[in-house]
Amino acid sequence: MTLSRRLAAFPRRGYVKSPTPIEHLPRLSRALDVGVEIFVKRDDLLPGCLGGNKTRKLDFAIAQALAEGADALVTSGAVQSNHCRLTLAWAIHEGLECHLVLEERVPRSYDPRGSGNNFLFNLLGADSVTVVPGGSPVSEKTAEIADRLRVSGRRPYVIPGGAADPLGALGYAACAQELVEQLDEIDYGFRHVTCATGSGGTQSGLVAGLAAAGSSLEVLGVNVRRPRREAQEELVAALADEVFRLLGGAGPLERRRTRCFEGFLGPGYSLPDEGTLEAVRLAARTEALLVDPVYTGKALAGLIGLAREGFFERGERVLFLHTGGFPALFSYLPAFPETAGPLSEAPAGPAAAR
Ligand SMILES: Cc1ncc(COP(=O)(O)O)c(C=O)c1O
């Protein structure tokens, strides 16, 4: 049975109306001059409040919530969580309550008046926001909130952080299907697709979907949360196997399909290093493409770093999966001091590269 027929067995809300575009980034490729041509799949343009990868996952997760008669969603993420913003946005569209648990993974990083996604939690009006210290048992907290809601007569549905369960990851199996169809139409000759990998659902779903579709495209995950490659690969492989089974596949997937890279995390989750900031600036100044310092800036820095190390063949066309996240950029203004002064004070390089 084809992947699209297997996917059709799972309810979806239809949040993804059309394929996200694949675009060439000629100016970025030229400015980098590292022997690769970079293309981007624009999942940052997905519907939902300011787009991003979670819309694909929530398409499946919220369909399940509604099938179970839920009238409230409870979920969790970091203090600038894109997943929380999008869960809240889709909850509003569906007429559901939305309760958020924010984990302060970096001490003192929660600012109730903060910009970026935090501003949007407040503007869109989350029904409750609970902040817990980093390393707390977050799933216990979401379960506790769900219990409280039940006592008050609500029917809550808990979506795990990042919607990183097999159901949510199906959203990226659906993306794999979409991608395979796009590549059937135009053969770009891609051998690798690079993406950020955090809770692991995006990479796992993509890997399982590509395998189920019989595609040999290799997914390269750039760690944005865990410092160790092996830890992330284990997580992604376990989830990818579960998604593959859900899609009717047999046996564990080959481990070479779930590759992760650890060298681009910087000082830690949500903390950018020079490579991340270079990627953010370059993408902005060469292509007017916004990537963020938490996820997609690190993933792009990973692609650039791998190209500089000679990982790709000379002249290879490499696909960058842009998973969104640019709203968080607005909470990182101090990391870009040049934006506070006249343009002439901007560091030379990226602008000159145009
Ligand atoms: C913008 C963005 N890109 C990538 C990721 C990583 O995706 P995943 O959590 O599915 O690994 C996230 C996760 O929150 C995200 O918000």
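I will try to describe carefully the structure that is included in this document. (Residues numbered from 1 in each chain as written. Predicted model: local features only at pLDDT ≥ 70, side-chain atom pairs only at ≥ 80, totals over all residues. Heavy atoms only, no water.)

This next bit is on the packing of helix 10 (residues 274–287) against helix 11 (residues 296–308). Running from N to C, helix 10 and helix 11 cross one another at 100°; their axes reach a closest spacing of 8 Å. Considering their axes alone, helix 10 and helix 11 lie roughly perpendicular with respect to each other. Facing helix 10, whose interface residues are Gly275, Thr276, Glu278, Ala279, Val280 and Ala283, helix 11 presents Gly297, Lys298, Leu300, Ala301, Ile304 and Arg308. Classifying every residue of the contact of helix 10 with helix 11 gives 6 nonpolar, 3 polar and 3 charged. (Axes fitted to C-alpha atoms, helices over the stretch in contact; angles between N-to-C directions. Helix = DSSP H or I, 4+ residues; strand = E, 2+ residues; numbered from the N terminus. Parallel < 35°, antiparallel > 145°, perpendicular 65-115°, else oblique. Contact = heavy atoms within 4.5 Å. Nonpolar A, V, L, I, M, F, W, Y, C, P; charged D, E, K, R; others polar.)

With respect to topology, 6 strands assemble into an open sheet ordered 1-2-10-7-8-9, the strand pairing being mixed. Sheet topology places strand 1 (22–24) and strand 9 (259–261) at the edges, where each strand pairs with a single neighbour. The sheet shows a mean angle of 30° between the axes of neighbouring strands, taken without regard to direction. Judged from the 3 bridges that link them, strand 8 (residues 218–223) and strand 9 form a sheet pairing that is parallel. Each residue of the ladder has a partner; that of Gly221, found in strand 9, is Cys260. Its contacts with the sheet put helix 9 (residues 229–246) on strand 7 (192–197), strand 8 and strand 9, and the angle it makes with strand 9 is roughly 145°. (Pairing = 2+ DSSP bridges.)

The environment of the ligand is formed by 15 residues, the closest being Lys54, Lys57, Ser199, Thr202 and Thr323. Contacts to the ligand include Asn82, whose side-chain N or O atom sits 2.9 Å from an oxygen atom. Here an oxygen atom of the ligand and a side-chain polar atom of Thr202 are 2.7 Å apart. Alone, the ligand offers 380 Å² of accessible surface; in the complex the protein occludes 97% of this. Those elements that provide at least two residues to the shell around the ligand are helix 3 (54–67), strand 7 and helix 8 (201–212). Residues belonging to the shell around the ligand are distributed by class as follows: 2 nonpolar, 11 polar and 2 charged. Looking at the shell around the ligand, you find at least three residues from each of domain 1 (3–51 + 165–345) and domain 2 (54–163). (Near = heavy atom within 4 Å. Polar contact = N/O pair within 3.5 Å; in protein donor to acceptor, adjacent residues only side chain to side chain. Areas by Shrake-Rupley, 256 points an atom, 1.4 Å probe, with all protein chains shown as cover. Domains from an automatic or database assignment.)

So, on to the nonpolar core. Leu7, Ile62, Leu73, Ile159, Leu170 and Leu206 are the most contacted members of the largest nonpolar core, which totals 57 residues. Looking at which element gives the most residues to this core, the answer is helix 7 (residues 166–185), with 10 residues. For Leu206, the contacting residues outside a window of four places in its chain are Tyr172, Ala173, Cys175, Ala176, Val219 and Leu321. Grouped together as the second largest cluster of nonpolar side chains are 36 residues, Val224, Ala307, Phe320 and Tyr332 included. (Core = buried A, V, L, I, M, F, W, Y, C linked by side-chain atoms within 4.5 Å. Buried < 20%, exposed > 50% of the residue type's maximum accessible area, 1.4 Å probe, protein only.)

Turning our attention to the sheet that holds strand 3 (residues 72–78). Across the sheet, which stays open at both edges, the 4 strands sit in the order 5-4-3-6 with parallel pairing between neighbours. For this open sheet the edge positions go to strand 5 (128–133) and strand 6 (156–158), each flanked by a neighbour on one side alone. With direction set aside, neighbouring strand axes in the sheet form an average angle of 25°. Inspection of the sheet shows strand 3 paired to strand 6 by 3 bridges, in the parallel sense. Counted as the bridge partner of Leu73 is Tyr157 from strand 6.

At a minimum axis distance of 9 Å, the contact between helix 4 (residues 82–94) and helix 5 (residues 116–124) shows a crossing angle of 20°. Taken together, the axes of helix 4 and helix 5 are roughly parallel relative to one another. When you trace helix 4 past helix 5, the crossing you get is left-handed. For the pair helix 4 and helix 5, the contacting residues are Asn82, Cys84, Arg85, Leu88, Ala89 and Ile92 in the first and Asn117, Leu120, Phe121 and Leu124 in the second. Class assignment of the residues belonging to the contact of helix 4 with helix 5 gives a composition of 7 nonpolar, 2 polar and 1 charged. (Left-handed = near helix turned anticlockwise from the far one by under 90°.)

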